[in-house]
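What follows is the residue order along each chain.
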Amino acid sequence: MKRALVKYRKSAFGRYITRNQKYAPIIFFMGGFIFDTLTLGRIDRIYDTLVLCSHMTLVTITLYLYNVVDEDRWEGSFIRRYHEYFPLAIQFFFGALSSAFVIYFFRSVSLSKTMFFFILLVLLLFANEFLKKKISNKYLQFSVYFFISFIFFAFMIPTLIREMNTFIFIISGLVSLGCTLTLIMFIYSSSSATRAELSLRRLISLILSIYISINVFYYFNLIPPVPLALDTGLAAHNVRKINNEYIVTYERNQWYAFWRKHNINFHREKGQRVYVFTSVFAPTDLKKPIFHRWQHFDPETETWQVTDDLGFEVAGGRDRGFRGYTYKKNLREGKWKVDVITEEELVLGVVDFVITNTSEPPKVGMVKKIF
């Protein structure tokens, strides 16, 4: 093995890799991202669960080995000989886990109220590319690890126990905090180099500050209610249920507005109902009340006024989401939006539209689709 490694390093390909090794961390990070983008689909699939659990387990083991490999007991071992590749492995698993979270989060049709959370996720995951020490910075390592593990348990625990609420979210955070602090203490007690390089008090304070920040985000409804996700949200002219199929009639949006299926300008005849149709993905056997919060924009006060909270229960397991709709009559002209929320008022997505009265139904751009 050693002879083959020496031969590889002296080859043209090996020299090329050596010259460009500074790009290796981001390549491995993106490799993990692309791998999960192509392979993952549903959080409650056995395959997805095994992949995520494997990534989380392997990044934990790799992080431990990377931080203790300089100890004398590893001298001459296989792990010591190849320890220079540990940062690349850590990058790969960070990229793979983050890509999985992005896949599940971005199933929602709107992230308007949770975009800051995603910005924080991106900053934490890419911050190592802007630090001189990169992944060797232990404060960065454990900060990103804790953030990822928090999201991992926030996904996995509700999926496994088929229940989600504020208490479950708190438990998920405490499990993640406990696991991270245990790993830190185990490494700190096993590695003299780690003890010399970092301040345990500073590191624990940093971890606790991230823990508090995530809980503050949750309290102010700035975190999507994982593992639920809004697959479809439409403002519709008509919704009919026939033989367990929903036939939805709506105005097609312009081709360039790819992020929204329905036309934001809703042309309504006098007395016509306005429907909001949604399909919400939930893991198998998970049941959860969902509400449509109808709001009208008051131009005089320039504020959104809540008019109704209309609810129904989601039952998980369907690939294209649990379907449901609400409707209202005699709505005023102007801006409207419907927040799709849980009973804890966490936002799954927003369906927005502008009502314009018309004397006859629209003749072009109407679509009838089966869900």
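Structure: see above.
Keep in mind that this is a model prediction, so the values were computed, not measured. (Residues numbered from 1 in each chain as written. Predicted model: local features only at pLDDT ≥ 70, side-chain atom pairs only at ≥ 80, totals over all residues. Heavy atoms only, no water.)

Side note on the environment of V274
Put simply, the rule reads: Runs of E in the DSSP output that reach at least two residues are strands. Runs of H or I that reach at least four are helices, and both are numbered from the N terminus. Think of it in three bands: with a 1.4 Å probe and only protein chains considered, a residue is buried below 20% of the maximum accessible area for its type, exposed above 50%, and partly exposed in between. When checking whether two residues touch, look at their non-hydrogen atoms; a contact exists if any pair is within 4.5 Å.
Within the element layout of this structure, V274 appears in strand β5 (residues 274-281). Overall, the relative accessible area of 0% leaves V274 in the buried class. Separated by 36 residues in the primary sequence, V274 and N238 place their C-alpha atoms 7.5 Å from one another. Beyond its immediate stretch of four places on either side in the chain, V274 contacts A236, F266, R268, W294, T326, Y327, K328, L331, F353 and I355.

Re the nonpolar core
Within soluble globular proteins, side chains that are nonpolar generally end up buried alongside one another. Here is the rule we go by: Think of a nonpolar core as a cluster: buried Ala, Val, Leu, Ile, Met, Phe, Trp, Tyr and Cys residues, connected wherever their side-chain atoms sit within 4.5 Å.
Within the largest apolar cluster, 53 residues are counted, with the highest numbers of intra-cluster contacts made by V59 and F142. Sorting the residues of this core by element identifies α4 (46-68), α6 (86-105), α8 (138-161), α9 (166-190) and α11 (200-219) as the ones contributing at least two each. Excluding residues within four positions of it along the chain, F142 makes contact with L63, N67, T180, L183, I184, I187, L198, L203 and I207.

A closer look at α8
To keep things clear, this is the line we draw: Given the number of residues in a helix, its expected span is that number minus one, multiplied by 1.5 Å.
Taking 1.5 Å of rise per residue, the 24 residues of α8 would be expected to cover 34 Å, and the 34 Å separating its terminal C-alpha atoms lies within 8% of that figure. Among the 24 residues of α8, 22 are classified as buried, and the element is accordingly described as predominantly covered. Trailing α8 by a residue or two, R162 shows a phi angle of about 60 degrees, which is positive.

Observations regarding the packing of aromatic side chains
Selection criterion: What counts as a ring pair is set by centres within 6.5 Å for rings of Phe, Tyr and Trp (its six-membered ring), and what kind of pair is set by the plane angle: stacked under 30 degrees, edge-to-face over 60, tilted for all other angles. Counted as over-ring charges are cases with an Arg CZ or a Lys NZ within 6 Å of the ring centre that also lie within 35 degrees of the ring normal.
For the structure shown, the criterion picks out 16 aromatic pairs. When the ring of W294 is compared with that of W336, the centres are 6.5 Å apart and the planes differ by 75 degrees; the resulting orientation is edge-to-face. One end of the pair, W294, is in strand β6 (residues 287-298); the other, W336, is in strand β9 (residues 334-342), with 42 residues separating them in the sequence. Judged on exposure class, the residue W294 and its partner W336 are both buried. Measuring from centroid to centroid gives 5.3 Å for F297 and W304, while their planes differ by 65 degrees, and the two rings are edge-to-face. Accessibility expressed as a relative area gives 21% for F297, which makes it partly exposed. Three or more aromatic residues link up through ring pairs in this structure, and these residues are Y246, Y275, F277, Y325, Y327 and F371. Between the NZ or CZ atom of R202 and the centre of the ring of Y139, over which it lies, the distance is 4.3 Å.

Here we look at the packing of α8 against α9
Note the cut-off: Whenever a helix is involved, its axis is fitted only over the stretch in contact; in every case the axis is a line through C-alpha atoms, and angles between N-to-C directions fall within 0 to 180 degrees. Our angle categories are set so that under 35 degrees counts as roughly parallel, over 145 as roughly antiparallel, 65 to 115 as roughly perpendicular, and the remainder as oblique. For a crossing to be left-handed, the near helix must be turned anticlockwise from the far one by less than a right angle; the clockwise case is right-handed. Put simply, Ala, Val, Leu, Ile, Met, Phe, Trp, Tyr, Cys and Pro go in the nonpolar bin, Asp, Glu, Lys and Arg in the charged bin, and everything else, Gly too, in the polar bin.
It is at 8 Å that the axes of α8 and α9 come closest, and there the two elements cross at 140 degrees. The orientation of α8 relative to α9 falls into the category oblique. The handedness of the crossing between α8 and α9 comes out as right-handed. Of the residues in α9, those in contact with F142, Y145, F146, S149, F150, F153, A154, I157, P158 and I161 of α8 are I168, F169, S172, G173, V175, S176, L177, C179, T180, L183, I184 and I187. Class assignment of the residues belonging to the contact of α8 with α9 gives a composition of 17 nonpolar, five polar and no charged.

Examining the sheet that holds strand β2 (residues 238-242)
Here is the rule: Note on pairing: two strands pair once DSSP finds at least 2 bridges between them.
Taken in spatial order, the three strands line up as β2-β3-β11 in an open sheet, and their pairing is antiparallel. At either end of the open sheet lies a strand with only one pairing partner, and these are β2 and β11 (366-370). Between one strand axis and the next, the sheet turns by 15 degrees as a mean value, whatever way the strands run. Looking at chain direction, strand β3 (residues 245-251) and β11 are connected through five bridges and run antiparallel.

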